[in-house]
Amino acid sequence: MANGQWYPPEWPDRIRALTSGELTPATPRRAATVMLLRDGRGAAAGGAPEVHMLRRRASMAFAGGAYAYPGGGVDPRDDDHLVRWAGPTRASWAARLGVDDEATAQAIVCAAVRETYEEAGVLLAGPSTESVVGDTTGEDWEADRAALVARDLSFADFLDRRGLFLRSDLLAAWARWITPEFEPKRYDTFFFVAALPEGQRTRNASTEADRTVWIRPAEAAARYDKGELLMMPPTIATLRALSAYVSPSEALDAAAGQDMAPVLAQARLEGGELVLSWPGHGEFTKRITPDAAP
């Protein structure tokens, strides 16, 4: 493997089935993931920020062993009623995310905040529009977090029960990637960037991860290039983009200029080869000869 690009061995057969019309693409489910940033050591002297990443367990059917950010699917219950909300309006979020209505936008932002809490123990919410919860480590908090993970409790109900405002102003939309059409499970994933709130700490709260790290984006990208860290294309692409910024606040400010057009892999037959590419991201292009192993 020349680098750490995650590439399942079953993809060539699935691509062939798609290009021949034998495979019907699944409808992608909306999802959200968060690139959580903090000031790195030496930040005052110009050091780069660090991003929180988790390593998916090798036993996971999808992207086992790959490094990723906290994230997961949108819960449709989170668009049922208005939650306490701080920051940009739901209408402005809908426009930025490119979705049709405010309820959908709310559910996507709720998913981003919920998954960060479920998988990293960090909660971007507070008792007022200008505050953030300082400590979420008590037994009662853990009981609520477990109920969220089990989907026994919706995030909207969780916020209501605790009288919390969702701090949408602490998030910024960064990118949007859609799982290739030949994958059996597909996601339309919105990538967000956020800064670690003062007083909160991350922890490995995810049952899907066996390791979590704080790492500078440039270092993570370099280790991917050496084949040391396994990642999916959206992860390494966003890491490379984050490498340009010297602080979490600078990255958040830059988010407004990021392109939110969906990135969807394309598979085609070309001169007897299968060609897999991600528009705008030439480094991920794969050319597969018949019967060749990936």
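The structure presented is a predicted model; accordingly, all values stated were derived computationally and were not measured.

## A short note on the overall build of the protein chain
When helices and strands are tallied, the protein chain shows eight helices and 14 strands. Compactness check: the protein chain gives a C-alpha radius of gyration of 19 Å against a globular reference of 19 Å for 294 residues, within 12% of the reference. The principal-axis extent of the C-alpha atoms belonging to the protein chain is close to 60 × 45 × 35 Å. Taking all 294 residues of the protein chain together, the buried fraction comes to 50%. For the protein chain, long-range pairs separated by at least 24 residues make up 71% of all intrachain contacts whose partners lie at least 6 apart in sequence. If you sum the accessible surface of the protein chain, you get close to 13000 Å²; carbon and sulfur atoms cover 49% of it. For the protein chain, the distance from the average position of its 32 positive side-chain charges to the average position of its 41 negative side-chain charges is 4 Å.

## Describing the sheet that holds strand E13 (residues 273–278)
In spatial order, the strands read E12-E13-E14; together these three strands make up an open sheet with antiparallel pairing. Each edge of the open sheet carries a strand with a single partner, namely strand E12 (266–270) and strand E14 (281–288). Ignoring strand direction, the axes of neighbouring strands in this sheet form an average angle of 20 degrees. Bridging between E12 and E13 involves five bridges; their strand directions are antiparallel. Bridge pairing in E13 links glutamine 266 to serine 277. Where helix H1 (residues 11–19) meets the sheet, it contacts E12, E13 and E14, and its direction lies at approximately 95 degrees from that of E13.

## A look at the packing of helix H4 (residues 139–149) against helix H5 (residues 155–162)
Axis separation between H4 and H5 bottoms out at 10 Å; the angle between their running directions is 160 degrees. What the angle tells us is that H4 and H5 run roughly antiparallel. Regarding H4 and H5, the two cross each other, and that crossing is right-handed. Packed against H4, whose contacting residues are Asp140, Trp141, Asp144 and Leu148, the element H5 presents Phe155, Phe158, Arg161 and Arg162 at the interface. Classifying every residue of the contact of H4 with H5 by side-chain character gives four nonpolar, no polar and four charged.

## Quick notes on the pairing of strand E9 (residues 187–195)
Where a strand is regular, its side chains alternate between the two sheet faces. Counting buried residues in E9 gives seven out of nine residues, a clear majority hidden from the surface. Both strand E1 (residues 29–38) and E9 contribute to a ladder of nine bridges, which runs parallel. By the bridge assignment for E9, arginine 29 is matched with tyrosine 187.

## Observations concerning the side chain of arginine 145
When you line up the elements, arginine 145 lands in helix H4. Since its relative accessible area comes to 8%, arginine 145 is described here as buried. Not counting the four nearest positions on each side in its chain, arginine 145 is found in contact with Tyr117, Glu118, Arg203 and Ala205.

## Brief notes about the environment of glutamine 5
Mapped onto the fold, glutamine 5 is located in the segment before H1. On the basis of relative accessibility, which here comes to 4%, the residue glutamine 5 falls in the buried class. Distance in space between the C-alpha atoms of glutamine 5 and threonine 235 is 9.7 Å, their sequence separation being 230 residues. When neighbours within four sequence positions are excluded, glutamine 5 is seen to be in contact with Tyr224, Leu230, Met231, Pro233, Trp278, Glu283, Phe284 and Lys286.

Cut-off values and rules
Residues numbered from 1 in each chain as written. Predicted model: local features only at pLDDT ≥ 70, side-chain atom pairs only at ≥ 80, totals over all residues. Heavy atoms only, no water. Helix = DSSP H or I, 4+ residues; strand = E, 2+ residues; numbered from the N terminus. Rg over C-alpha atoms; globule rule 2.2 N^0.38 Å. Buried < 20%, exposed > 50% of the residue type's maximum accessible area, 1.4 Å probe, protein only. Contact = heavy atoms within 4.5 Å. Areas by Shrake-Rupley, 256 points an atom, 1.4 Å probe, with all protein chains shown as cover. Lys, Arg positive; Asp, Glu negative; His and termini not counted. Charge placed at Lys NZ, Arg CZ, Asp CG, Glu CD. Pairing = 2+ DSSP bridges. Axes fitted to C-alpha atoms, helices over the stretch in contact; angles between N-to-C directions. Parallel < 35°, antiparallel > 145°, perpendicular 65-115°, else oblique. Left-handed = near helix turned anticlockwise from the far one by under 90°. Nonpolar A, V, L, I, M, F, W, Y, C, P; charged D, E, K, R; others polar.

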